[in-house]
Amino acid sequence: MNCEVCQLKELEVEHFEIREVLRCILHTIVFHRALGLVRPKDVDLELFEITYVQCGDVELEKKIDERIDHFISWVEKHPNKKSQICLSFYEVKSKQPSWFTNKTERLYWEQWYVNLNVTQHPKHHSSKSHHAKVVVDPGESATEDRSSRRAMVEASLREVLFQIIKFVNEKKDHVPPISDGVIYFPYEITIPSSSDSAFGMDMIKRMLHSGHPTMLS
């Protein structure tokens, strides 16, 4: 099966922005890959002038938040480090039965890599000079810097959202047939491992894993 991969533009965010940014991106992807009837819900971000759409599924929101919590915990243990979170869609097929097993396997058909660079915002220090005639309030300067930076993050997040929509509209041939009564495709959200092993190796292990799918509903 052909697995389409989308590497989203890297976003440079601060720790307190992680949750809102990931909610916005992950829910946008899932909404655009929803199959059946959903109850669209507009969500306004508190940190940015951006509105995105959720599927209106409480259980889905809970599961996405749980994975975001795990990701934030990983970030706190590995500060100032670039990281990825991967949202994968798959379908479940029965393995060829044999005398010792009769399990199912996951066939991945689409993977989204969300790339974040979590940074620590530098503290502003006021410098004293006997020759300076104009005194600039460091607090005002810091506010302007943060406002400018926030605008840059917002613009970058908008680019990522447009990247998602463009990918969804252009890449359709690989999407598997829709089963009756199914609203969401099976999915999984993968974060870097707690042991800080290579993310790629962690993904390979998960892709080799077989078992029952995790449904969104």
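Predicted, not measured: the structure shown is a model, and the values here were computed from it.

1. Notes on the overall build of the chain
Alright, step 1. Helices and strands together make up the secondary structure of the chain, namely 4 helices and 7 strands.
Alright, step 2. Reading the secondary structure of the chain in the N-to-C direction produces β-β-α-β-β-α-β-β-α-β-α.
Alright, step 3. Expressed as a percentage of contacts within the chain between residues at least 6 apart in sequence, the contacts between residues at least 24 apart total 77%.
Alright, step 4. Split by element, the accessible area of the chain, about 13,000 Å² in all, is 52% carbon and sulfur.

2. Observations concerning the pairing of strand S6 (residues 104-119)
Alright, step 1. Counted residue by residue, S6 has 14 buried out of 16 residues, so it is predominantly covered.
Alright, step 2. Pairing of strand S1 (residues 4-7) with S6, which is carried by 4 bridges, proceeds in the parallel orientation. Along S6, the bridge assignment pairs Cys6 with Trp112.
Alright, step 3. With 13 bridges connecting them, strand S5 (residues 82-94) and S6 associate as antiparallel partners. Within S6, the residue paired with Glu91 across the bridge is Leu107.

3. What about the nonpolar core?
Alright, step 1. Counting residues in hydrophobic clusters, the biggest one holds 45 residues, and the most contacted among them are Ile25, Trp112 and Leu116.
Alright, step 2. For this core, the secondary-structure elements that each account for two or more residues are strand S2 (11-14), helix H1 (18-32), helix H2 (58-77), S5, S6, helix H3 (138-170) and strand S7 (187-190).
Alright, step 3. Examining the composition of this core, we find that 8 residues originate from one element, H1, more than from any other.
Alright, step 4. Setting aside chain neighbours within four positions, we find Leu116 in contact with Glu10, Leu11, Val13, Ile18, Val21, Leu22, Phe71, Lys81, Lys82 and Ser83.

4. Topic: the packing of aromatic side chains
Alright, step 1. Applying the stated criterion across every chain yields a total of 4 aromatic pairs.
Alright, step 2. Ring geometry for Phe89 against Trp109: centres 5.5 Å apart, planes inclined by 25°, an arrangement best described as stacked. Here Phe89, found in strand S5, pairs with Trp109, found in strand S6; they are 20 residues apart in sequence, far enough to count as distant. Here Phe89 matches Trp109 in class, with each residue buried.
Alright, step 3. For the ring pair Trp112 and Phe167, a centre distance of 4.7 Å and an interplane angle of 65° mean the geometry is edge-to-face.

5. Re the packing of H1 against H2
A pair of packed helices is characterised by two quantities: the angle between their axes and the separation of those axes.
Alright, step 1. Two numbers describe how H1 lies on H2: the axes approach to 10 Å, and their chain directions differ by 135°. When the axes of H1 and H2 are compared, the pair comes out oblique. Between H1 and H2 the crossing geometry is right-handed. Across from Ile18, Arg19, Leu22, Arg23, Leu26, His27 and Val30 in H1, the residues of H2 making contact are Leu60, Glu61, Ile64, Asp65, Ile68, Asp69, Phe71, Ile72 and Val75.
Alright, step 2. The residue inventory of the contact of H1 with H2, partitioned by class, reads 10 nonpolar, 1 polar and 5 charged.

6. Regarding H2
Alright, step 1. Helix length check: H2 (20 residues) gives 29 Å between terminal C-alpha atoms against 28 Å at 1.5 Å per residue, within 8%.
Alright, step 2. Of the positions making up H2, those classed as buried are Leu60, Glu61, Ile64, Arg67, Ile68, Phe71, Ile72, Trp74 and Val75. An end-on view of H2 places all buried positions within 155° of arc, on one side of the element. For H2, the exposed residues set more than 90 degrees away from the buried face come down to Val58 and Lys77.
Alright, step 3. The backbone nitrogen of Glu59 lies 2.9 Å from a side-chain oxygen of the residue at the head of H2, namely Asp57.

Reading the values: rules and limits
Residues numbered from 1 in each chain as written. Predicted model: local features only at pLDDT ≥ 70, side-chain atom pairs only at ≥ 80, totals over all residues. Heavy atoms only, no water. Helix = DSSP H or I, 4+ residues; strand = E, 2+ residues; numbered from the N terminus. Contact = heavy atoms within 4.5 Å. Areas by Shrake-Rupley, 256 points an atom, 1.4 Å probe, with all protein chains shown as cover. Buried < 20%, exposed > 50% of the residue type's maximum accessible area, 1.4 Å probe, protein only. Pairing = 2+ DSSP bridges. Core = buried A, V, L, I, M, F, W, Y, C linked by side-chain atoms within 4.5 Å. Phe/Tyr/Trp six-rings, centres within 6.5 Å; stacked < 30°, edge-to-face > 60°. Axes fitted to C-alpha atoms, helices over the stretch in contact; angles between N-to-C directions. Parallel < 35°, antiparallel > 145°, perpendicular 65-115°, else oblique. Left-handed = near helix turned anticlockwise from the far one by under 90°. Nonpolar A, V, L, I, M, F, W, Y, C, P; charged D, E, K, R; others polar. Expected span 1.5 Å × (residues − 1). Arc of directions from axis to C-beta. Polar contact = N/O pair within 3.5 Å; in protein donor to acceptor, adjacent residues only side chain to side chain.

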